[in-house]
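Structure assessment
This is what each chain is made of:
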Amino acid sequence: MTDHSLSALPEGADCGLVTRRHFVAGLGATVAVVLAGVHGISIWGRNPHLALAAPPPGSFGPGAPGRTLVVVEMGGGNDGLNMVVPHAAGAYRDLRGELAVADPIDLDGEIGLHPALESLAARYPRHEVAIVEGVGYPDPDLSHFASMSTWWTGTPGAVGATGWLGRYLDGTVGATDPLAAITIGPGPSAAMVGDASFVVSIQDATGLAPRIPPWIDDMDELLGAWAGFAAAPVDSPALFGQVQRAIAATAAARERLGTALAGPAAAPLTDAPAGDARMDRRRRRPGTLAGSLDVAARLVTSGLAPRIVYVHGFGDFDTHQGQVGRHEALMADLDEAVDGFFTSVEAAGRAKDVVVMTTSEFGRRARSNGSGTDHGTASTHLLIGATVRGGRHGAPPDLGALQDGNLVHTVDYRSLYATVLTGWLGAAAADVLGADHETLPLFATRDRLPIGPR
Amino acid sequence: MTPEEQAAVYDLLDLRVRMMPGLRESAPGLHGFLTSAPEAERMSYSTRERISHVVRRLGIGARPDLVDAAASPADAIATALDLSTPPVPPPDIPAPADHAAAREQRIATPVLGYWLEQMATSPRRIEERLVWFWHDHFATSLRKVQIQYLMWQQHLTMRDHAIGSFADLLRAISRDPAMLFFLDGVQNQRDAVNENFGREAMELFTMGRGHFDESDVLATARSCTGWVVNVPGRRDRALPVAPWQSLFVPFRHDGGTKTLLGVTGRHDMDAALDIMLDHPATAETVAAKLYVELVGLRPDPATAARLGAAFRRDYRVMTLVEEIVADPVFLSDEAIRVRVRTPLEKAVGLVQGFATHPEAGRAVFAGLEAVRYVPLLPPNVAGFPSGPRLLGPHTLVHAFDFVMALRPDQPVPEAAEAFARLGVHDVSEQSLAVVAGADSAPARIALALTSPEYSLT
């Protein structure tokens with residue numbers, strides 16, 4: 001097992017003097033022990049519901065080093081029907097009434113993008129946007145929490161299990177690299193929680209830097225001392241051991257992360273086009289997707305090359321009321337975020353190394369409730385990047401054949417996962433999902449899909 | 001319910017359970033605790049640590065004065081449950097004149113300042129634990145409600161009922177103006193039924209998943225139609241309630257027949273809530289959730305059934321608390337330090353343990369803001385994160401932020417004293433050595449504050 005965490009840390013100073021460099025080098029050794037030596041004991045606790053032991057690192061193969069998957073989780077349940085609008089279907093306007101998007105940006109005479117998705121609409125003819133219609137799962141559950149769990153775990157109805165990306169990380173990088181998986185948002189995503197791998201979670205570009213008073217003059221020294229709590233960790237799945245492993249991994253990740261976030265690779269904010277003050281403001285504001293994807297761009301272009309960046313906790317897609325204005329703002333945030341992100345990675349020459357994928361626990365109810373939409377089922381998802389096979393995939397649910405007022409899915413969400421696992425992340429879908437699922441032709445081949453009027 | 005069904009319901013109901021896989025195991029306790037050798041024998045906690053456990057579970061923070069004063073864990077329990085001291089009157093915050101004024105009103109400082117002070121100092125310890133528990137249970141966020149005054153009014157309603165009857169609290173919160181805005185009750189009317197409140201009321205506030213279906217969601221939503229809030233200056237016509245109060249408006253109500261959980265009738269909100277309260281799963285689910293809050297472990301199926309059956313009789317919260325605390329598991333080694341200490345508990349404990357400067361409240365809330373754990377701003381309707389989710393790197397390092405609340409002229413404490421001021425009495429040699437290795441007071445306190453021992457409760 002390669003020890004990336006060790007090799008990435010600075011070399012120790014001469015023996016004898018306990019300097020910070022010496023300490024950090026020692027910490028590298030500690031982390032190797034803590035993270036690798038207790039394989040199968042996650043900082044998240046060993047999961048008794050998991051039927052199989054955690055897959056050893058490397059057992060799924062190396063994965064796809066150098067490539068990054070960016071997952072954008074639209075929490076609350078994004079309204080796929082108003083994001084990618086089936087404007088040619090007469091039933092759409094009947095169902096949505098005043099909520100119907102009046103002026104979608106037409107793509108092919110059948111569907112159009114929400115008017116706030118201008119830059120996505122510009123990327124679509126360049127074959128950079130794959131639109132997957134009808135994504136859902138059988139026997140849909142309209143609870144946020146049950147449905148989120150279904151999406152996180154990759155198993156409908158499963159609770160308490162590891163996340164699908166967590167299992168991917170367990171079987172590829174394992175605990176060897178604390179920076180392979182980064183969540184931007186409030187805490188690690190459950191989708192990334194594995195049995196052995198580690199997820200760094202940050203909120204914004206400040207990374208893992210606490211705010212301490214000026215009369216503590218050396219933060220590095222303080223945090224170096226802090227890592228000492230994990231110098232001799234308890235080899236146990238009990239919480240005490242989990243805390244120690246979390247401290248060790250955090251300390252190991254902190255400096256490299258800080259360097260990456262401060263690095264010059266990402267397009268600086270001041271490079272935003274003149275007159276685009278709104279975008280500049282959004283990108284600076286934590287808690288927006290634009291702000292979070294700006295951080296994601298810095299990570300991707302920094303040389304860290306994280307396998308997965310997972311963005312969640314921005315916006316509220318649960319538009320039971322006030323949907324018209326709220327959803328427009330969310331779509332505008334999505335559009336500016338994706339555009340800003342790709343502008344940065346393209347400038348850094350990394351466009352072919354990254355794919356953005358959306359998730360959401362469900363779509364909204366087909367019929368308006370008057371001012372918004374209640375919980376629904378199937379929805380539309382996007383895969384964006386220079387290497388995706390742009391165009392339409394899946395099949396639009398029939399608005400005339402609703403089930404209990406809800407869309408009937410045409411694509412199992414596990415097919416989306418399977419496609420990304422095999423087509424982008426270099427893993428066998430069955431290893432991660434427990435079974436094979438049909439894949440979709442979402443990644444670029446020479447035969448491009450026809451884009452435009454059908 | 002079979003134990004398997006029960007476990008499935010807990011799993012689905014309670015995010016904290018899902019995010020806290022450690023809880024599912026028989027707690028390995030102190031394996032390797034007092035030495036760094038993994039094979040060390042399991043140790044038992046000291047009496048002082050056991051007393052601290054009682055103080056921090058039945059209140060917020062491990063008030064060192066209370067830990068020192070208690071002669072025994074039983075003594076500490078009696079003190080924590082003692083409600084004989086009258087509550088401190090809340091600050092008098094004037095109602096805003098109209099909607100625009102309400103949106104501009106900035107009362108976070110008096111509101112959160114009052115609340116933080118009560119958490120840190122109120123002798124009515126269990127009341128503060130319960131006020132927090134109910135806020136987490138009926139999680140309502142200012143982010144959507146927007147009007148600080150309504151969040152304050154909801155907080156006062158929680159205080160009114162926190163140690164009273166869960167049935168009364170449920171009825172009060174269901175028509176609480178902040179909740180009516182938060183889960184779109186004000187939009188929910190006869191011709192435009194909005195399911196938001198109906199679904200969460202059954203899934204999160206009462207029975208939990210597995211006991212209702214989509215037709216029950218719709219039936220509850222229809223039953224709860226017709227409630228509005230008197231927002232002054234918003235309507236031409238005066239409503240017959242005081243400004244900022246809620247009101248039932250019959251012409252917006254769906255008076256038709258509904259079948260809810262098998263009961264058919266022309267239900268209104270109270271009828272629907274009564275049907276939910278009568279369902280055995282409501283009492284059992286809420287009782288089990290409070291058990292997890294106080295004990296840190298799930299009740300075994302027999303205990304859950306016993307607590308639920310007793311709770312359902314009258315929904316008296318303090319009776320339930322007393323039964324939970326009387327369970328021998330509460331004082332057992334398995335229950336001690338089996339929860340991840342929340343950022344709020346860390347901050348309150350620091351304030352209780354050390355002298356702070358006059359701006360400490362601001363520093364505490366800046367630290368809570370950094371980890372998105374601010375009272376009145378829960379991340380979603382399921383409440384605040386808990387369990388190993390709170391061990392994410394971002395949350396761990398920002399525990400250092402709370403040191404900003406300390407006075408810079410603290411005397412340098414001995415390592416053991418730094419821990420004891422935070423209510424931590426049984427400390428590993430390794431952790432003591434780390435804290436002793438720092439030479440300044442703030443560094444020592446900062447390290448005790450971020451130690452593995454203080455990260456658990």
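Calculation rules
- Residues numbered from 1 in each chain as written.
- Chains lettered and ligands numbered in written order.
- Predicted model: local features only at pLDDT ≥ 70, side-chain atom pairs only at ≥ 80, totals over all residues.
- Heavy atoms only, no water.
- Buried < 20%, exposed > 50% of the residue type's maximum accessible area, 1.4 Å probe, protein only.
- Helix = DSSP H or I, 4+ residues; strand = E, 2+ residues; numbered from the N terminus.
- Polar contact = N/O pair within 3.5 Å; in protein donor to acceptor, adjacent residues only side chain to side chain.
- Contact = heavy atoms within 4.5 Å.
- 1 Å grid on protein atoms, 1.4 Å probe; cavity = no way out; pocket = protein on both sides within 12 Å on 5 of 7 lines; lining within 4 Å.
- Points joined across faces, edges and corners; volume = space filled by probe spheres on them.
- Nonpolar A, V, L, I, M, F, W, Y, C, P; charged D, E, K, R; others polar.
- Core = buried A, V, L, I, M, F, W, Y, C linked by side-chain atoms within 4.5 Å.
- Buried area = accessible area lost by both parts, 1.4 Å probe.
- Salt bridge = Lys/Arg side-chain N within 4 Å of Asp/Glu carboxyl O.
- Pairing = 2+ DSSP bridges.
- Axes fitted to C-alpha atoms, helices over the stretch in contact; angles between N-to-C directions.
- Parallel < 35°, antiparallel > 145°, perpendicular 65-115°, else oblique.
- Left-handed = near helix turned anticlockwise from the far one by under 90°.
- pLDDT = per-residue confidence, 0-100.

Looking now at helix α13 (residues 196-205) of chain B. Counting buried positions over the ten residues of α13(B) gives ten, a clear majority of the element. Inspection of α13(B) places B:N196, B:F197, B:G198, B:R199, B:E200, B:A201, B:M202, B:E203, B:L204 and B:F205 among the buried residues, and these make up the whole buried set.

Here we take up the side chain of B:S165. All names here are of chain B. Here S165 is to be found in the loop between α10 (148-161) and α11 (166-174). Of note is the side chain of S165, whose polar atom sits 3.1 Å from the backbone nitrogen of A167. Filtering out sequence-adjacent residues up to four positions away, S165 remains in contact with D314, Y315, R316 and V317.

Looking now at the layout of surface pockets. Remark: the empty space left among the atoms is shown by a probe the size of a water molecule rolled over them. All names here are of chain B. The computed volume of the second largest pocket comes to approximately 780 Å³. Along the wall of the second largest pocket there are 30 residues; nearest its centre are A108, T109, L112, G361 and F365. Where the lining of the second largest pocket is concerned, the elements lending two or more residues are α7 (108-121), α9 (142-145), α10 and α20 (360-370). Considering only residue class, the lining of the second largest pocket consists of 18 nonpolar, seven polar and five charged.

Judged by nonpolar contacts, the single largest core of 247 residues is most densely connected at A:L69, A:F341 and B:W134. With residues near it in sequence (within four places) discarded, A:L69 still touches A:W164, A:L165, A:R307, A:I308, A:V309, A:V355, A:M357, A:V420, A:W424 and A:L425. A:L81, A:A100, A:A378 and A:L399 belong to the second largest nonpolar core, which has ten residues in total.

Take the interface of chain A and chain B next. Each partner contributes to the interface: chain A provides 71 residues, whereas chain B provides 71 residues. A per-residue breakdown of the area chain A buries against chain B is headed by A:F145, A:F229 and A:F240, which together make up 14% of the total. Our count for the contact surface shared by chain A and chain B stands at three salt bridges. Where A:R211 meets B:D401, a salt bridge forms, and the shortest distance between an N and an O atom there is 3.7 Å. Seen at the junction of chain A and chain B, the total is 15 residue pairs in polar contact (both at pLDDT 80 or more). For the side of chain A that touches chain B, the elements supplying multiple residues, two or more each, are α6 (144-153), β7 (200-202), α8 (219-227) and α9 (239-262) of chain A. In terms of residue count, α9(A) provides more of the side of chain A that touches chain B than any other element does, eight residues in total.

What follows covers unusual backbone geometry. The phi dihedral of A:D139 falls on the positive side, at around 45°, and the residue is not glycine. Tracing the backbone through its elements, the reader meets A:D139 in the loop between β5 (129-136) and α6. Positive phi values are uncommon outside glycine, yet B:Q146 reaches one of about 75°. Owing to a relative accessible area of 35%, B:Q146 belongs among the partly exposed residues under this scheme.

What follows deals with helix α17 (residues 301-314) of chain B. All names here are of chain B. Every buried residue belonging to α17 is among T303, A304, L307, G308, A310 and F311, and all of these are buried. Sitting at the head of α17, D300 places a side-chain oxygen 3.1 Å from the backbone nitrogen of A302. Positive phi shows up at Y315, right after α17, with a value of about 55°.

Let us now look at the pairing of β5(A). All names here are of chain A. Of all the eight residues making up β5, eight are buried; the element is thus mostly covered by neighbouring parts of the structure. In this sheet, strand β10 (residues 379-384) lies alongside β5 in antiparallel orientation, the contact comprising five bridges. In the strand pairing of β10, V132 is matched with H381. Bridge count for β5 against strand β11 (residues 391-394) is four bridges, and the pairing is parallel. Within the sheet, the bridge partner assigned to V132 lies in β11 and is H393. Pairing between β5 and strand β12 (residues 411-412): two bridges, direction parallel. If you follow G136 over to β12, its bridge partner there is D412.

Let's shift gears to the pattern of salt bridges. All names here are of chain B. As enumerated under the stated definition, the model contains 39 salt bridges over all chains in all. A salt bridge links D270 to R175, with the nearest nitrogen and oxygen atoms 2.3 Å apart. Taken together, the residues D270 in helix α15 (residues 269-278) and R175 in the loop between α11 and α12 (177-182) connect sequence positions 95 residues apart. Overall, R175 belongs to the partly exposed group, its relative accessible area being 22%. Here D191 ties to R190 by a salt bridge, and the two come within 3.9 Å at their closest N and O atoms.

Our next topic: the packing of α13(B) against helix α14 (residues 214-223) of chain B. Residue and element names in this part refer to chain B. One can describe the packing of α13 onto α14 by two numbers: an axis separation of 7 Å at closest approach and a directional angle of 120°. Considering the angle they form, α13 stands oblique to α14. You can see that α13 and α14 cross each other, and the crossing is right-handed. Only E214, D216, V217, T220 and A221 of α14 make contact with α13, whose side of the interface consists of G198, R199 and M202. Counted by class, the contact of α13 with α14 contains three nonpolar, two polar and three charged residues.

All names here are of chain A. Per-residue pLDDT for chain A has a mean of 84; in total, 82% of the residues score no lower than 70. Predicted confidence is poor over residues 1-40, with pLDDT under 50, and the contacts of this stretch with residues over four places away or in other chains come to 66 contacts. Here residues 264-275 scores under 50 on pLDDT; set against residues more than four positions off or in separate chains, the count is 15 contacts.

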